[in-house]
Every structure is written in structure tokens, then in C-alpha cells.
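Residue-level listing of the chains:
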Amino acid sequence: DSPDLKVTAQDGTTFQNALAAAPAAASRDGVLMLSQGSVNETWTKKYLSLTKAQVVAVGDAAVAAIGTNVADKIPGSNVYQVAADVTKRYFNAEAMNSPLNDNYRPVAVVSGESFADAVLAASFIADNDGGILLTQKTDLTAPTTDYLRFIATKDTPVRLVGGPIWLDESLLTKVNDALKW
């Protein structure tokens with residue numbers, strides 16, 4: 001029964017939100033819990049009822065599953081926007097209460113269409129205190145482009161993670177173009 005327990009909850013049927021939420025959970029020294037759509041299964045309900053957890057709900061389904069018992073919620077049904085919102089909320093310099101005057105937290109740009117590369121990126125980026133941005137194979141999504149253009153700085157390390165099956169080589173140029181200030 002720890003008042004400091006931090007839980008990041010998200011819909012287990014939407015892998016993209018789980019990948020975006022995992023580094024946020026790790027950055028808070030917390031755990032990731034999955035709902036079944038907009039419903040929490042029995043053991044999740046019991047666990048949450050027995051703890052004084054600070055719950056962050058990620059995505060519309062998790063927000064519905066958790067209800068009012070949340071410390072923070074990042075709603076949304078567009079997985080690309082949810083990933084960008086999680087990264088903005090938890091990994092920019094302001095959110096991290098950074099003593100540095102820049103956005104030094106890394107971001108990983110990964111496929112939102114396949115989970116294999118994104119799973120590897122999530123653990124790598126969580127270990128490096130950064131967030132996940134999702135994209136499509138040949139095009140940067142608008143939320144990812146906006147994050148890179150308006151939130152990232154010249155000091156933000158950006159890692160494109162994935163093989164050519166899920167990320168086209170042309171994305172390198174598109175990421176660089178988005179990062180021009």
C-alpha cells in the first residue's frame with residue numbers, strides 16, 4: 001500500500017498506446033497496466049482498489065476504464081496524436097523540470113503500423129529517459145511532424161528506429177526537414 005506507487009494505464013488492445021505509455025511509466029518509476037478496451041479486468045480493478053496509486057490514463061479507452069480515479073489523463077483515439085501528447089507531457093525539458101534550458105530528452109521515431117521495432121525502441125528510449133513518436137512507413141504523421149518542428153530543439157537527440165520493411169529511407173530526410181528551425 002504505497003502512496004507513491006505510479007501506474008500508467010492504457011488499453012491493452014491498442015499496442016501503439018502501450019508503446020507510447022511504457023517509457024512514461026518507466027520515467028515515473030511506475031508500472032504499466034492494461035485495460036481490455038474501456039473495461040478493467042477483475043485483477044486490475046482489485047489492484048487499483050487496494051493501492052493509493054497515482055494513475056495516468058493514456059488513450060480514450062483507458063480514460064473510460066479508470067474513470068475518475070486518475071492523477072492525469074491523456075485522452076485521444078488517434079494513436080499518433082496520443083504518442084506525441086505523452087512525449088510532450090513527460091519528456092520535454094519543462095515537463096522534466098530540467099535545470100538545463102533546452103529539450104535534451106531523446107525521442108524515438110518508430111512505426112505506428114507494426115510493433116516489433118517499436119517494442120525495442122520503447123525499452124531503449126525508456127532507458128534513456130525519452131519518449132516515443134509514431135509514424136507511418138513513408139510519411140511522418142502530423143503529430144510527429146509538429147512535435148519535431150515545434151517542441152524539439154537543436155539539442156534533442158532523435159532516433160529513427162526500424163528496418164526498411166516498416167520505415168522507408170526517405171523518412172530520414174523528412175525528419176531532418178521537420179527539425180529545421
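Structure: see above.
Every chain is numbered independently, its residues counted from 1 as its sequence is written. For this predicted model, a pLDDT threshold of at least 70 governs which residues receive local features, and a threshold of 80 or more governs which side-chain atom pairs are given and counted, while totals over whole chains, interfaces and linings are taken from all residues. The basis for every side-chain value is the complete set of heavy atoms in the structure, and neither hydrogens nor water enter the calculation.

This part is about the sheet that holds strand β5 (residues 107–111). Sheet strands pair by backbone hydrogen bonding; their relative direction is either parallel or antiparallel. Between any two strands, pairing holds if DSSP finds at least two bridges. Numbering goes from the N terminus for both helices and strands, where a helix is a DSSP run of H or I of at least four residues and a strand is a run of E of at least two. Read across the open sheet, the three strands follow the order β6-β5-β7; overall the sheet is parallel. Because the sheet does not close on itself, it has two edges, and the strands there are β6 (131–135) and β7 (158–160). For this sheet, the mean angle separating the axes of adjacent strands, direction not counted, is 25°. In this structure, β5 lies alongside β6, joined through five bridges in parallel fashion. What sits directly across from Ser111, in β6, is Thr135. Packing of helix α5 (residues 116–127) onto the sheet brings it into contact with β5, β6 and β7, and relative to β5 it is tilted by some 170°. Axis geometry follows a simple rule: fit a line to the C-alpha atoms, using only the stretch in contact for helices, then measure angles between N-to-C directions, giving values from 0 to 180 degrees. Should any heavy atoms of two residues lie within 4.5 Å, those residues are counted as being in contact.

What follows covers the pattern of salt bridges. Put simply, a salt bridge is a Lys or Arg side-chain nitrogen that is within 4 Å of an Asp or Glu carboxyl oxygen. Applying the stated rule across the entire model yields three salt bridges. The salt bridge partner of Arg89 is Asp72, with a shortest N-O separation of 2.5 Å. Note that Arg89 is positioned in helix α4 (residues 79–91) and Asp72 in strand β4 (residues 72–74), a separation of 17 residues in sequence. Between Asp139 and Lys174 there is a salt bridge whose closest N-O contact spans 3.2 Å. With Asp139 in the loop between β6 and α6 (142–151) and Lys174 in helix α7 (residues 170–178), the pair connects residues that are 35 residues apart, well separated along the chain.

Looking now at the pairing of β5. Burial status follows relative accessibility: with a 1.4 Å probe on protein chains alone, a residue under 20% of its type maximum counts as buried, one over 50% as exposed, and anything between as partly exposed. Taken across its five residues, β5 has five buried, putting it largely inside the fold. Both β5 and β7 contribute to a ladder of three bridges, which runs parallel. Paired with Val109 across the strands is Leu160, a residue of β7.

What we call a nonpolar core is a set of buried Ala, Val, Leu, Ile, Met, Phe, Trp, Tyr and Cys residues that are connected through their side-chain atoms within 4.5 Å. In this structure, Leu133, Leu140, Leu148 and Val158 are the most contacted members of the largest nonpolar core, which totals 14 residues. Elements represented by at least two residues in this core include exactly β5, α6 and α7. Here this core gets three residues from one element, more than from any other, and that element is α7. Contacts of Leu133, omitting those with residues within four sequence positions, involve Ala84, Thr87, Val107, Ala108, Val109, Val110, Thr144, Tyr147 and Leu148. Within the second largest apolar cluster, 13 residues are counted, among which are Ala83, Val110, Ala121 and Ile132.

Pairing is parallel in the open sheet, where four strands are placed in the order β2-β1-β3-β4. The outermost strands of the open sheet, each flanked by one partner alone, are β2 (31–35) and β4. When strand polarity is set aside, the average angle formed by the axes of neighbouring strands in this sheet is 20°. By the bridge criterion, five bridges tie strand β1 (residues 6–11) to β2 in an arrangement that is parallel. Following the sheet pairing, Val7 is matched in β2 by Val31. With respect to the sheet, helix α2 (residues 42–50) is in contact with β1, β2 and β3 (54–58), its orientation differing from that of β2 by roughly 135°.

Mapped onto the secondary structure, Thr145 falls in helix α6. Given the relative accessible area of 15%, Thr145 is considered buried. If we skip the residues at most four places from it in the chain, Thr145 touches Leu140 and Ala178.

Note that all results are geometric; they support no functional claim without further evidence.
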